[in-house]
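# Architecture at a glance
Read off the chains here:
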Amino acid sequence: MQGVLFDLDGVITDTARFHFKAWSRLAKEKLNVTLPASFESDLKGISRIDSMNRILKFAGMKNEYTAEEVNELAQTKNELYLNEISKLTQADILPGIENLLDELAANHVKLSVASASKNAPFILEKLGLKQQFDAIANPAKVKHGKPAPDIFIEAANQIHLTPQQCVGIEDAKAGVEAIKAAGAVAVGVGDANELHEADSVVGNTSELTYSVLKQAFEK
Ligand code: B16
Ligand code: MG
């Protein structure tokens with residue numbers, strides 16, 4: 001294991017609740033619909049524009065907006081979201097992650113971020129973790145979002161490794177599929193049934209250690 005490719009939302013910090021809050025407000029104020037709670041997990045790992053389109057479909061309004069208007073709605077959501085995440089601090093790092101990053105660095109493992117979020121650099125800055133990573137893959141540079149492998153391939157490229165030399169960590173089904181499609185070893189965080197395609201699954205981030213990742217890689 002020469003590199004670890006980290007998902008952000010749900011692995012390093014829990015931003016899903018802020019995404020859901022911003023999407024819910026946008027849906028209520030602009031589309032006059034209430035989003036069911038299931039959207040919080042359904043939109044995990046799904047890009048901003050794909051999330052917007054799923055919400056429009058749910059609202060039965062998919063054909064009522066031009067591409068430009070859909071972009072504007074997504075931009076409004078992002079402004080609401082930025083307002084929420086501007087309050088993030090080191091205290092919002094998920095349990096065990098700071099230790100894990102230290103352990104991996106001590107073992108000369110390269111660290112790269114493979115998030116669908118265009119806000120990843122800002123979030124890592126707020127958490128005080130930006131310097132700990134060797135690279136942050138830019139989702140604007142890749143063609144297909146998760147479950148396609150593109151962002152994980154790009155994250156490995158950025159640290160000059162192949163996905164086969166890396167372990168990817170994900171909390172979302174679409175993300176685990178993306179890791180496997182890239183050819184990396186997948187470690188899931190969360191429900192073992194939902195993430196059954198992963199090579200190894202832990203219940204929560206505090207169980208993620210260097211030895212757990214190494215064992216998954218060597219399995
Ligand atoms: P942004 P991840 C994903 O993060 C979120 O899970 C998903 O809900 C969000 O729509 C996506 O990032 C794009 O985020 O609007 O900030 O560019 O899990 O891939 O780290
Ligand atoms: Mg995630």
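Keep in mind that what you see is a predicted model, and the values were worked out from it rather than measured.

Right, let's get into the pairing of strand E4 (residues 166–170). A regular strand carries its side chains on alternate faces of the sheet. Across the five residues of E4, five count as buried, placing the element largely inside the fold. Residues Cys166, Gly168 and Glu170 of E4 are buried on one face, and the alternating residues Val167 and Ile169, pointing to the opposite face, are buried as well. Sheet topology note: the strand E1 (residues 3–6)/E4 ladder contains four bridges and is parallel. When the bridges of E4 are listed, Val4 appears paired with Val167. Of the pairings in the sheet, the one linking E4 to strand E5 (residues 185–189) comprises four bridges and is parallel in character. What sits directly across from Ile169, in E5, is Val187. Crossover handedness for the path E4 to helix H8 (residues 173–182) to E5: right-handed.

Here the magnesium ion (ligand 2) is held by the protein donor atoms Asp7 (OD), Asp9 (O) and Asp171 (OD), which lie 2.0 to 2.2 Å from it. Mapping the donors of the magnesium ion (ligand 2) onto the primary sequence gives the spacing D-x1-D-x161-D. In this pair, Asp7 is assigned in the loop between E1 and helix H1 (16–31) and Asp171 in the loop between E4 and H8, connecting sequence segments 164 residues apart. Accessibility assignment for this pair places Asp7 and Asp171 in one class, buried.

With that settled, consider the sheet that holds strand E6 (residues 200–202). Spatial ordering of the open sheet is given by E3-E2-E1-E4-E5-E6, a layout of six strands whose pairing is parallel. Two strands in the sheet have a free side with no partner beyond their single neighbour: strand E3 (135–136) and E6. As paired elements, E1 and strand E2 (residues 110–113) share four bridges and run parallel to each other. Considered in E2, the bridge of Gly3 is made with Lys110. Running at roughly 155° to E1, helix H5 (residues 97–106) makes contact with E1, E2 and E4 of the sheet.

Let us now look at the confidence of the model for the chain. Low-pLDDT stretches of the model should not have their predicted coordinates read in fine detail. Confidence in the prediction for the chain averages 97 pLDDT; 100% of positions are at 70 or higher. Confidence estimates for the predicted assembly give a pTM of 0.94 and an ipTM of 0.93.

Conventions used here
Residues numbered from 1 in each chain as written. Chains lettered and ligands numbered in written order. Predicted model: local features only at pLDDT ≥ 70, side-chain atom pairs only at ≥ 80, totals over all residues. Heavy atoms only, no water. Buried < 20%, exposed > 50% of the residue type's maximum accessible area, 1.4 Å probe, protein only. Helix = DSSP H or I, 4+ residues; strand = E, 2+ residues; numbered from the N terminus. Pairing = 2+ DSSP bridges. Right-handed = clockwise from strand over helix to strand, strands pointing away. Donors = N, O, S within 2.8 Å, 3.2 Å for Na, K, Ca; no water. Contact = heavy atoms within 4.5 Å. Axes fitted to C-alpha atoms, helices over the stretch in contact; angles between N-to-C directions. pLDDT = per-residue confidence, 0-100.

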